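Each chain, letter by letter, is given below.
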Amino acid sequence: MSAARIHLFDTTLRDGAQTTGVDFSLDDKRSVAAMLDKLGIDYVEGGYPGANPLDTAFFAQKPTTQAKFAAFGMTKRAGRSAANDPGIAALLEAKADAIVFVAKAWDYHVHVALEIPLEDNLIGIAESVEAARAAGREVMLDCEHFFDGYKANPDYALSCARTAYEAGARWVVLCDTNGGTLPDEIGTIVAEVTKTIPGDHLGIHAHDDCGCAVANSLAAVEAGARQIQGTLNGLGERCGNANLVTLIGALKLKERYRERFAIGVGEAQLGELTHVSRALDEMLNRAPNRHAPFVGASAFTTKAGIHASAVLKDPRTYEHVPPEATGNLRKVLISDQGGKSNLVAELERIGVTLGRDDPRLGRVLDEVKEKEAQGYAFEGADASFFLLAKRIIGELPAYFEIERFTANVERRHNALGELVTFSEAIVKVKVGEEVLISVAESALGPVNALDLALRKDLGRYQSLIEGLRLVDYKVRVFQGGTDAVTRVLIESADETGARWTTVGVSANIIDASFQALVDSITYKLMREGATA
Ligand SMILES: CC(=O)SCCNC(=O)CCNC(=O)[C@H](O)C(C)(C)COP(=O)(O)OP(=O)(O)OC[C@H]1O[C@@H](n2cnc3c(N)ncnc32)[C@H](O)[C@@H]1OP(=O)(O)O
Ligand SMILES: CC(=O)C(=O)O
């Protein structure tokens, strides 16, 4: 039996643009479309031409070479013909291969939101689909609220779908717009719809309001639908859409799907999945979800000692698929939940080789556990872990010594009478026999002032740290023993694009930050191969 082709339809640039806090620029849209094209997605929905100038501009030319480029908009407004509808005119002007109309499929919505007779909505669907077909476009109809509509009035919901199909729509997409439908209901309803519209003309568009969007999409496919709509990383209105990244992982790697269904994403493209997912987050300045299936930084990370010992013998003991298939990495953490197996594997990963019987291994483990008890977390701070291990095994050069530092915050009126806040920091550091004192000011706060002062003059090492910059700063306050403890994680980058994270812990946020800053500079010097 040959595998059934499942068509992937990406709506990151349309429904994904409806995500709270997400705003794509024109360049972002072009990059995302190119990325999806390369990934092997069949349809890229670019937005809603006519709704805003950016989307209209994006449809001035087609940004994909393989994928079909789709424009989204609503069916014609009641009381005017399709030929006289400016919304439809904008869709027809768009340089798109396909036009996706959205139409209400729930009688309640037609009454309440559109305030038109049920029949007029059907006329709107038929005339809109016919107009786009006449213009030579492939046409789809997104049946908004299809599943809620079907539960309330199956005949009407079905007549919306059938009207579009009979008017020439290539795809009729069943939308769980409010995201409240569960997988078994999706399966039952889609199976019913296939009695009217063949499955290879049916799509599913699921929202994640019950955390079931991926499961609902798979249930629809099992019931016969052959198009899946979704977004990268599950962006989308409210709780988001079905996550296409997860769906691609499941369809390509889970045997029961791989054997029966084929998608346009090949093996090499699958290996880019982690990169694609993180590149989107990077573009949107969002922290990637570490726990995202297949592509998250923790998706193949083992923390518990018992698991680590087994993973090191055979990774399949705790992995459902190999991480490298999606371009991800296996990682074994060291923490208070781990034993020697975790530690040996982690040390090897960061380039420190210590045998299981080396007495220094026990000393590293003891110190890690002691520091974790104080509030340190090395699982997210590889660079500090590396320095700790190097110090214990006697390979950490004594580059510099901090003699003292101060940092203060001042709020006052400036010469213009405006209220301003600025910080000043002084750092006294000994490099060899040389004592250097640096002062810096910053309007961005005491940590920034300290960072500037610390990196202002490091004597003979100064040229090696010129390209160093801080890219992220995270603070967490929690109860450690009887007192509140602050943990600071600092992510740094250098001129080569390398990134590393360091950690500092103290009752005082400035002190914790300073520890992490010192570790960051020390790590950079080690990367540069500097000697004491
Ligand atoms: C489930 C979904 O995700 S659907 C996609 C939703 N996405 C968006 O809405 C983003 C882009 N939207 C927009 O920029 C604007 O809403 C526009 C430009 C499309 C329309 O703006 P406006 O003309 O000011 O209308 P407004 O947004 O206030 O209301 C929508 C109108 O469309 C009507 N409408 C909604 N769906 C449809 C439809 N499928 N067919 C025909 N008319 C519809 C509504 O009844 C309402 O009409 P009314 O103004 O007579 O009450
Ligand atoms: C069309 C669409 O985005 C929805 O119904 O959710």
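For every chain, the first residue of the written sequence is number 1, and numbering continues from 1 onward in sequence order. Think of it this way: whatever chain is written first is A, whatever ligand is written first is 1, and the rest follow in order. Per-residue local features are limited, in this predicted model, to residues with pLDDT of at least 70; the limit for side-chain atom pairs, both in listing and counting, is 80 or more; totals at the level of whole chains, interfaces and linings are taken over all residues. Excluding hydrogens and water, the side-chain figures rest on all heavy atoms present in the structure.

Per an unreviewed UniProt entry, the protein goes by the name Citramalate synthase and belongs to Bosea psychrotolerans. UniProt positions are given in the numbering used here, feature names are shortened, and annotations may be inferred rather than shown by experiment. You can read under Pathway (unreviewed entry) in the UniProt record for the protein the words "Amino-acid biosynthesis; L-isoleucine biosynthesis; 2-oxobutanoate from pyruvate: step 1/3." A UniProt comment under Catalytic activity (unreviewed entry) is attached to the protein, and it reads "pyruvate + acetyl-CoA + H2O = (3R)-citramalate + CoA + H(+)".

A. Looking closely at the site of ligand 1. Each residue is tested against the molecule or strand, and it is near if at least one of its non-hydrogen atoms lies within 4 Å. Surveying the vicinity of ligand 1 reveals 16 residues, the closest of which are Arg14, Gln18, Thr75, Arg77 and Val102. Within 3.5 Å is the distance limit for a polar contact, defined as a pair of N or O atoms, with the added protein rule that one can donate a hydrogen and the other accept it, and that residues adjacent in sequence qualify only through two side-chain atoms. Interatomic distance of 3.2 Å between a side-chain N/O atom of Arg14 and an oxygen atom of ligand 1. One of the backbone N or O atoms of Val102 is found 2.8 Å from a nitrogen atom in ligand 1. Contact with the protein chains removes 54% of the 1000 Å² of surface that ligand 1 exposes when unbound. Working definition: helices are DSSP H or I runs of at least four residues, strands are E runs of at least two. Numbering for both runs from the N terminus. When residues of the shell around ligand 1 are traced back to their parent elements, those giving at least two are strand E4 (68–74), strand E5 (98–104) and helix H4 (107–114). For the shell around ligand 1, a count of residues per class yields eight nonpolar, three polar and five charged. For the accessible areas, the method is Shrake-Rupley and the probe is 1.4 Å, while residue cover comes only from the protein chains on display. For this classification, Asp, Glu, Lys and Arg are treated as charged, while Ala, Val, Leu, Ile, Met, Phe, Trp, Tyr, Cys and Pro are nonpolar and the rest, including Gly, are polar.

B. Quick look at the environment of Ala383. Position of Ala383 relative to the elements: it lies in helix H17 (residues 382–392). Taking the C-alpha atoms as reference points, Ala383 and Lys524, 141 residues apart in sequence, are found 9.2 Å from one another. A contact between two residues is defined here by any heavy atoms of the two lying within 4.5 Å. Not counting chain neighbours up to four residues away, the residues in contact with Ala383 comprise Trp500, Thr501, Thr502 and Tyr523.

C. View of a nonpolar patch on the surface. On the surface, Tyr473, Val475, Val477 and Ile509 cluster together into a nonpolar patch covering about 320 Å² of accessible area. At three residues, the largest contribution of residues to the nonpolar patch is made by strand E16 (residues 469–480). Residues form patches when they are more than 30% accessible in relative terms and have no salt bridge. Like charges link within 9 Å. Nonpolar side chains (Val, Leu, Ile, Met, Phe, Trp, Tyr) link within 5 Å. For this document, the term salt bridge refers to a Lys or Arg side-chain nitrogen within 4 Å of an Asp or Glu carboxyl oxygen.

D. Seen up close, the packing of helix H1 (residues 26–39) against helix H13 (residues 273–284). The axes used here are C-alpha line fits, helices contributing only the stretch in contact, and every angle between their N-to-C directions lies in the interval 0 to 180 degrees. One can describe the packing of H1 onto H13 by two numbers: an axis separation of 11 Å at closest approach and a directional angle of 175°. Accordingly, the angle class assigned to the pair H1 and H13 is roughly antiparallel. Each of Asp28, Ser31, Val32, Met35 and Leu39 in H1 lies in contact with H13, whose residues at this interface are Leu273, Val276, Ala279, Leu280 and Met283. Broken down by class, the residue content of the contact of H1 with H13 amounts to eight nonpolar, one polar and one charged. Here is the rule for angles: anything less than 35 degrees is roughly parallel, anything more than 145 is roughly antiparallel, 65 through 115 is roughly perpendicular, and the remaining ranges are oblique.

E. A look at the packing of aromatic side chains. Pairing of aromatic rings covers Phe, Tyr and the six-membered ring of Trp, with a centre-to-centre limit of 6.5 Å; geometry is then stacked below 30 degrees between planes, edge-to-face above 60, and tilted otherwise. Throughout the structure, instances matching the rule amount to 15 aromatic pairs. Considering the side-chain rings of Trp106 and Tyr108, the 5.0 Å spacing of their centres and the 55° angle between planes classify their relative orientation as tilted. Burial here depends on accessible area, computed with a 1.4 Å probe over protein chains only, as a share of the maximum for the residue type. Under 20% is buried, over 50% is exposed, and the range in between is partly exposed. Taking relative accessible area as the criterion, Tyr108 reaches 45% and is therefore assigned partly exposed. Seen from their ring centres, Tyr376 and Phe378 are 5.8 Å apart, and the 10° between their planes marks the pair as stacked.

F. Region of the structure containing the site of ligand 2. Looking at ligand 2, the residues that line it are Arg14, Asp15, Val102, Asp142, Glu144, Cys175, Thr177, His205 and His207. Between ligand 2 and the protein, one listed contact pairs an oxygen atom with a side-chain N or O atom of Arg14 at 2.9 Å. Contact distances for ligand 2 include 2.6 Å between an oxygen atom and a side-chain N or O atom of Thr177. In isolation ligand 2 offers 210 Å² of accessible surface; the protein chains occlude 95% of this area. Its residues assigned to classes, the shell around ligand 2 shows two nonpolar, three polar and four charged.

G. Inspection of the pattern of salt bridges at higher detail. All chains considered together, the criterion is met by 33 salt bridges. With its nearest N and O atoms 2.6 Å apart, the salt bridge here joins Arg391 to Glu367. Here the residue Arg391 occupies a position in helix H17, and Glu367 occupies one in helix H16 (residues 359–374), the gap between them amounting to 24 residues. Classification of Arg391 as partly exposed rests on a relative accessible area of 42%.

H. Spatial organisation of the UniProt feature "domain: Pyruvate carboxyltransferase" (unreviewed entry) in the protein. Within this numbering scheme, the UniProt entry marks residues 6–271 as carrying the feature "domain: Pyruvate carboxyltransferase" (unreviewed entry). Taken end to end, residues 6–271 is 42% helix and 18% strand, and its two terminal C-alpha atoms sit 19 Å from one another.

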